[in-house]
Each structure stands twice: as C-alpha cells, then as structure tokens.
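Letter by letter, the chains look like this.
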Amino acid sequence: MEAKTYIVNPIPPKAYTWSWLKINNDSVTIDFDIDKTYLTAKDLPKGVTIKNQKEIETKLEKPNTGSGKIWDELFSENDQIITIDGEIKSPVMFSLNVKDGTNTSNVHVIHAMPGSKATVILYSTSDSTCSNEETGGFNATQTKIYAEKDSEIKLIKIQMIGKNFNLIDETSSVTGENAKIIAKVVNLGGSHIDSGIHTDLRGNNSEYTLDFAYLCQDTQYLDMNHEVDHIGTKTICRMNVDGTLMHEATKIYRGTIDLQNGSSGSDGNEVENCLVLSPKTVNKSMPIIICSHDDVHGEHGSTIGRIAPDIMFYMQSRGISKKRAKMLIAKAKLQAIISEIENEELNEKVSDYVENAFAGENNE
C-alpha cells in the first residue's frame, strides 16, 4: 500500500493556535493494508443484540468525530451494530482481542432505542498486553453511540492493547431529547495513541458526562482531542480527565466545549488534572471554550503537578515506600472507573496492569 499521511485529532478551526506550538493536531502515516477485527460477546441478555451490518434506522444525525476525517477516508462503513432495547439490569460486556503483528480496524455502533437503559463495557486487549516482547501492530477502533429520546447509556471503555501498538481510539456520540450518556474511559496500553472523543448534544435537555483516566509510562505518546458540541437547549456536559505521566511519556490534551448559537440554557464544564512523576515527561494541555450564545454557562480548568512533599512524607512515615506511594496515588486516579467494572476478572486485570507498570520503579 502506498504511504499516506492523515491529520488526526484536529481542534476546531476557530480555536487554532500558532503552528509553532505544534498542538493543533496529530498525524499518522498508513503504509499497510488494514484488516477487519470484530467485537465478541457471550450470554447477551434479552433486549441486547449484536449483528454484523452496516446501517441502523434512526432520525438522529451521524455524530462528528474527534479524530477527524480519517474515519470517512479509511473506515467509512459500520462493521457491527449493538442494539439496546429496554432497561437492561446487568452490565453487558463486549471484548476486542487484537493479534500481535496485525493491522486491524473495527467500527461498531451502540444504538440505544427510545427509553432504553444499559451499562455497556468494551474491553480491548492483545495477546501480550503486559509484555515488551510483542511485535506490535496497528489498531483503529471507533465506537459510535446513538442515544434516542429518553435513553440512558453508561459506556465503560477499557483499553489495554500491547505496548508496541499504534492506536486510534474514537468514541463519537449523538443524543436525542432527554437522552443521557455517561462515558468512563481508561487508557493504559499502546505506544502512540490518538484518543478522539466527540459528542453532539442535539436533543433538548440531553446530557453527557466523560470521565477519562490514563497512565502513560516508558515512551508512550498519548494525544487526546475531546470535544462536546452543545446544539440543543438546556444541554449539560461534564468532562473530567485525570491521569499520570511516568518515565519519558508524552501527553497532549485538547478539550473543547462549543456552546453553539441556539443552545440557550446550556452548561458545559471541563477539568483536567495531570500528575507528573518524572522530569523527563512532556505535557501539553489546551482546554477551550467556544461561546456563540449569551444565555449559556461554561467553565474550564487544567492543573499539572507532582506529589506534594507533605503527602509523600506522610505516607513514608507510615512505612509506605516511595515506589508504593506513587503507585497508590496513580492507581487512585483510575480507581473511580475501575470500581465500576462489575466483573471481577477484568477488575483484577486492570489492577495487575497498574502493579506491573511500577514493578521496575526503585524504592527511594
């Protein structure tokens, strides 16, 4: 395949910065063929189906993406449709296993029918999740959510693909009237990761909440572009990003709340917190609020820092090593999401991953 470079994770044009800052977007070069991979599930409850099909029946508009036009150019068709119909009491789990040495993609849709309610867990991994020995590869995964009128979807998305993979992970959503989406995302694996998230709050009185947690270690490169467009009236969004940078990792965060003309009575809020555990890390943060309407409210903020000396002294004075203290604090940033995984085996895998991340740290 002839090599082609794609722009990934572009911020909205009206928020562009000076080019020398190198924060307006990321890019990815594709010079290989990409095969399909598929979500798997077992014991689906009544009211939940997954089918390999292209289209869904909906009057909602197709949501925009945080990652950009690469999805239309390379991965334009849906691969799988997950339909939620009714109130589903127990969490529904889907898994995606990526084979080492492969270049794959998967585009799936969660279609929440009117009045439906469910918790959906999407867990992605590879053959050698916690090893440095795998051959690596490429994976692009897109989750699209269509939340119809009065529906409520909680999405828990855990990414633990191997350390040598390049990844594009997109979550795009659109809401109907009175719909509610709660997204909880944990990013752990990968080498170069582009995380794109975009939500169109089209329905009046619709809501979107995002809790995004990450742990970046070694030379991982995490590029985030998270956007919420307030389109309907009295819409609400809350975006929270919380993570830890270790070793020589790099993290870029772009968070945009766009309170568009016509979104009267809407309220948007974004907060980012980054814990830095090494002077060799690179961190860039750009929280953005775009306001085109008078009767709206928006807030944003970003904090970057190290563990306070008094907190470290307190923990060490109680016999907790410096290594263990760092791990406990980093793990706490993930725990709010991990604790909601109602699956003991998966919960343990995430916890073990964090333990392994600190295995090589010294105890000073």
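Bear in mind the structure is a predicted one, so any value in this text is a computation, not a measurement.

Thresholds, definitions, all that
- Residues numbered from 1 in each chain as written.
- Predicted model: local features only at pLDDT ≥ 70, side-chain atom pairs only at ≥ 80, totals over all residues.
- Heavy atoms only, no water.
- Pairing = 2+ DSSP bridges.
- Helix = DSSP H or I, 4+ residues; strand = E, 2+ residues; numbered from the N terminus.
- Axes fitted to C-alpha atoms, helices over the stretch in contact; angles between N-to-C directions.
- Contact = heavy atoms within 4.5 Å.
- Salt bridge = Lys/Arg side-chain N within 4 Å of Asp/Glu carboxyl O.
- Buried < 20%, exposed > 50% of the residue type's maximum accessible area, 1.4 Å probe, protein only.
- Expected span 1.5 Å × (residues − 1).
- Arc of directions from axis to C-beta.
- Parallel < 35°, antiparallel > 145°, perpendicular 65-115°, else oblique.
- Left-handed = near helix turned anticlockwise from the far one by under 90°.
- Nonpolar A, V, L, I, M, F, W, Y, C, P; charged D, E, K, R; others polar.
- Bend = angle between axes of the 7 residues up to and from the residue.
- 1 Å grid on protein atoms, 1.4 Å probe; cavity = no way out; pocket = protein on both sides within 12 Å on 5 of 7 lines; lining within 4 Å.
- Points joined across faces, edges and corners; volume = space filled by probe spheres on them.

Participant: Sorry, what's going on with the sheet that holds strand β6 (residues 92–98) here?
Facilitator: In sheet architecture, strand pairing relies on hydrogen bonds along the backbone and comes in two forms, parallel and antiparallel. If you trace the eight strands from one edge of the open sheet to the other, you get β6-β8-β10-β12-β14-β16-β18-β20, paired in parallel fashion. Edge strands, defined here as strands with exactly one partner in the open sheet, are β6 and β20 (297–305). In this sheet, neighbouring strand axes are inclined to one another by 5° on average, regardless of whether the strands run parallel or antiparallel. Two strands pair when backbone bridges link them, and β6 and strand β8 (residues 117–126) are joined in this way by seven bridges, in the parallel orientation. If you follow Phe-94 over to β8, its bridge partner there is Leu-122. Lying on the sheet, helix α4 (residues 344–357) is in contact with β6, β8, β10 (152–160) and β14 (207–216); it crosses β10 at an angle near 40°.

Participant: Even after reading the chapter, I still don't get the pattern of salt bridges, so can you show me in this structure?
Facilitator: Where charged atoms of side chains with opposite charge meet at close range, the side chains can pair. Using the criterion set out here, one finds 14 salt bridges in the structure. Here Lys-99 ties to Asp-127 by a salt bridge, and the two come within 3.9 Å at their closest N and O atoms. Within this pair, whereas Lys-99 is found in the loop between β6 and β7 (103–112), its partner Asp-127 is found in the loop between β8 and β9 (137–147), the two being separated by 28 residues in sequence. When its relative accessible area of 46% is taken as the criterion, Asp-127 is described as partly exposed. When the shortest N-O distance is used, the salt bridge between Arg-238 and Asp-267 registers 3.2 Å. Linking Arg-238 in strand β16 (residues 236–245) with Asp-267 in strand β18 (residues 267–276), this pair joins segments that are 29 residues apart in sequence. Look at Arg-238 and you get partly exposed, because its relative accessible area is 30%. For Asp-267, a relative accessible area of 21% corresponds to the partly exposed category.

Participant: How should I be thinking about α4 in this particular structure?
Facilitator: One turn of the α-helix equals 3.6 residues, which is why residues spaced by three or four share an orientation. With 14 residues, α4 ought to run about 20 Å at 1.5 Å a step, and its terminal C-alpha atoms sit 20 Å apart, in line with that. Listed in full, the buried residues belonging to α4 are Leu-346, Val-350, Ser-351, Tyr-353, Val-354 and Ala-357. End-on view of α4: buried residues confined to an arc of 150°, all on one side of the axis. Turned more than 90 degrees away from the buried face of α4 sit Glu-344 and Glu-345, all of them exposed.

Participant: Help me understand the packing of helix α3 (residues 322–338) against α4, please; the structure alone is not making it clear to me.
Facilitator: The relative placement of two packed helices comes down to the angle between their axes together with the axis-to-axis distance. One way to put it is that α3 packs onto α4 with a least axis distance of 10 Å and a crossing angle of 150°. On the basis of their axis angle, the class for α3 and α4 is roughly antiparallel. With respect to the hand of their crossing, α3 and α4 are arranged in right-handed fashion. Residues Arg-324, Met-327, Lys-331, Leu-334 and Ile-338 of α3 form the contact with α4, whose own contacting residues are Asn-347, Val-350, Ser-351, Val-354 and Glu-355. Within the contact of α3 with α4, the residues separate by chemical class into five nonpolar, two polar and three charged.

Participant: Can you help me understand α3 in this one?
Facilitator: With 17 residues, α3 should reach 24 Å at 1.5 Å per residue; the first-to-last C-alpha distance of 23 Å fits that figure. Ala-332 marks the point of greatest bend in α3, at about 40°. Looking at α3, one finds that the buried residues are Ala-325, Lys-326, Met-327, Ala-330, Lys-331, Lys-333, Leu-334, Ile-337 and Ile-338.

Participant: Mind showing me how you'd approach the environment of Gln-260 here?
Facilitator: For Gln-260, the location among the structural elements is in the loop between β17 (250–259) and β18. Separated by 170 residues in sequence, Gln-260 and Ser-90 have C-alpha atoms that sit 36 Å apart. Those residues in contact with Gln-260, other than ones at most four positions away along the chain, are Asp-229, His-230, Ile-231, Ser-292 and His-293.

Participant: What is the right way to read the environment of Leu-346 from this model?
Facilitator: You can see Leu-346 is positioned in helix α4. Assessed through its relative accessible area of 2%, Leu-346 is described here as buried. Between the alpha carbons of Leu-346 and Tyr-123 there is a distance of 8.4 Å; along the sequence they are 223 residues apart.

Participant: Would you take a moment to explain empty space enclosed by the protein for this structure?
Facilitator: Space left empty within the atom packing is revealed by a probe, the size of a water molecule, rolled over the atoms. Counted under the stated rule, the structure contains three cavities of 30 Å³ or more. Approximately 130 Å³ is the volume attributed to the largest cavity. Looking at the largest cavity, it is lined by 17 residues, and the ones nearest its centre are Leu-96, Ser-124, Thr-141, Lys-157 and Asp-169. Elements represented by at least two residues in the lining of the largest cavity include exactly β6, β8, β9, β10 and β11 (165–175). Broken down by class, the residue content of the lining of the largest cavity amounts to nine nonpolar, six polar and two charged.

Without other data, these values stay purely geometric and don't point to any function.
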